[in-house]
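Chains, contacts and geometry: an overview
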Amino acid sequence: MSWVPLHVHSQFSILDASGSVKALAKKAKELNLKSCAITDNGNLYGAVEFYQACEKEKVQPIIGCEIYISPQEHTLKKKCPKSGRTSFSLQLLAKNAVGYHNLCKLTSIGFIEGFYYDPRVDLETLKKYKDGLICLTGDMGSRAAWEVLNGNLEPWIDELQNLFQDDLYLELMRHTMTEEEIALDKMQEESWVYQNYLDYIAKQERVNQALLKTGLKVVATNDSHYLERLDWRAHEILLNIASGETSEIWERDSRGNPKNRIPNPKRRTYSSHAHHFRSAEEMEKLFKDIPQAISNTLEVAKKCELKLDFKTKHYPVYKCEGSAVDYLWKLCKEAIPHRYTPDKLAKVKELYPDEDPLEYIQKRLEFEMSVIVPKEMSDYLLIVYDFIN
């Protein structure tokens, strides 16, 4: 048996993860993983670079995204009265080109229409762009986890199952740490940190058991935010660049010299220090009681057959009446009288005394269009014309 990481964040999860896409691909290769996903927060910024890095390392790249689902219309810029939340996380993976294009559409809509704390989309938008996508129910910030702990799980799972059918997988996580790791990280020296960890693990297991009771397919993931386990400290500092809090408070003497430093109790932390890039062996040990959660990750990877084309030139399309070539010709011909006033025509005559100025300009236009049109650059030039004007 082996395992595929399906919930992985890179440095493109801004101020929330630290691993570079190239380092993730190399780590996957080092751990003998055949496939690896990228699921950054609300964006696909690292998708192409990750794809190319994985191709180089002979690892199958799986392009995904942790999108944010608004519990109400995504255009409403306020918290949901029922949950007190602005959004819930949900993992989507692209099976093919259709899924990849729908992921691009969803992330764009999230930023353009639904941004409120996070780039959000609502359920109606997800229904419109669900094709070609695999859905994982998400981490402890997901709607599934919230419903287990606060509401009623069944209606939400039914909604997702109606949308994704056989491509829905319930996500199980166990961010447990060993006693040695807890001691090494000095978690028990701060009682609130240790209690947060215990509460988090208890809630996580409660969510896992509720998801297992549904009888639907499950996958084991680890919500990786950094490469090595001991990177948790650097990751915590990264989190507090975002929060604006210092990770430590320095005590000083009467002359201002530092004499002691203590952890800042207001700092932002993750409840567990096990959000690293785990090996298949670690995950198989963690989920030895639920082996299907490991094997199902291979099933998901097998479904993902996205191939990105880097050879074809993907020029944009300009919407206009008729063809872009005809419209560009029309604009150029209409612009000649405005651009070439009598004074400018006289200068053309000085430069080319044996030519009729207008005939020379017309020949010049035909020459330039003979270069532009075969290169299929008409749409591109029209888009540049559009945003300049």
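Residues numbered from 1 in each chain as written. Predicted model: local features only at pLDDT ≥ 70, side-chain atom pairs only at ≥ 80, totals over all residues. Heavy atoms only, no water.

Time to look at the overall build of the chain. Counting its regular elements, the chain contains 15 helices and nine strands. Against the compact-globule benchmark of 21 Å for 389 residues, the chain has a radius of gyration of 28 Å, which places it well outside the compact range. Here the C-alpha coordinates of the chain stretch approximately 90 × 65 × 45 Å along the principal axes. Relative to its full complement of 389 residues, the chain shows a buried share of 46%. Of all intrachain contacts in the chain linking residues separated by at least 6 positions in sequence, the fraction that spans at least 24 positions is 77%. Between the averaged position of the 52 positive side-chain charges in the chain and that of its 58 negative side-chain charges there is a distance of 2 Å. (Helix = DSSP H or I, 4+ residues; strand = E, 2+ residues; numbered from the N terminus. Rg over C-alpha atoms; globule rule 2.2 N^0.38 Å. Buried < 20%, exposed > 50% of the residue type's maximum accessible area, 1.4 Å probe, protein only. Contact = heavy atoms within 4.5 Å. Lys, Arg positive; Asp, Glu negative; His and termini not counted. Charge placed at Lys NZ, Arg CZ, Asp CG, Glu CD.)

By secondary structure assignment, the location of Pro263 is in strand 9 (residues 258-263). Taking relative accessible area as the criterion, Pro263 reaches 38% and is therefore assigned partly exposed. Sequence spacing of Pro263 and Asn32 is 231 residues, and the spatial spacing of their C-alpha atoms is 38 Å.

For strand 1 (residues 35-41), a buried count of seven out of seven residues is recorded, marking the element as mostly surrounded by other parts of the structure. In the sheet, strand 1 pairs with strand 2 (residues 60-69) via seven bridges, with the strands oriented parallel. Bridge assignment links Asp40 to a residue of strand 2, and that residue is Cys65. Tracing the backbone out of strand 1, into helix 2 (residues 47-56) and back to the parallel element strand 2 gives a crossover that is right-handed. (Pairing = 2+ DSSP bridges. Right-handed = clockwise from strand over helix to strand, strands pointing away.)

Next up on the list: the pattern of salt bridges. For the structure shown, the criterion picks out 25 salt bridges. For Arg174, the salt bridge goes to Glu205, with nearest N and O atoms at 3.1 Å. Taken together, the residues Arg174 in the loop between strand 6 (168-173) and helix 7 (179-184) and Glu205 in helix 8 (residues 191-213) connect sequence positions 31 residues apart. Put simply, Glu248 and Arg233 hold a salt bridge, and the shortest N to O gap is 3.2 Å. Of this pair, Glu248 sits in strand 8 (residues 248-252) while Arg233 sits in helix 9 (residues 232-243), and the two are 15 residues apart along the sequence. With a relative accessible area of 24%, Glu248 lands in the partly exposed category. Its relative accessible area of 28% is what places Arg233 among the partly exposed residues. Each member of the salt-bridge network shares a partner with another, and the members are Lys95, Asp166, Asp167, Lys217, Glu299 and Lys303. (Salt bridge = Lys/Arg side-chain N within 4 Å of Asp/Glu carboxyl O.)

Once that is clear, we can look at the side chain of Ser87. Examined against the element boundaries, Ser87 turns out to sit in the loop between strand 2 and strand 3 (88-94). Once you skip the residues sitting within four places of it in the chain, Ser87 turns out to touch Tyr68, Ile69, Ser70, Pro71, Asp118 and Arg120.

Moving on to the environment of Tyr197. In this structure, Tyr197 sits in helix 8. Remark: the alpha-carbon pair of Tyr197 and Ser272, spanning 75 residues in sequence, is separated by 5.6 Å. Residues contacting Tyr197, with those up to four places away along its chain left out, are His175, Thr176, Met177, Ile182, Met187, Ser271 and Ser272.

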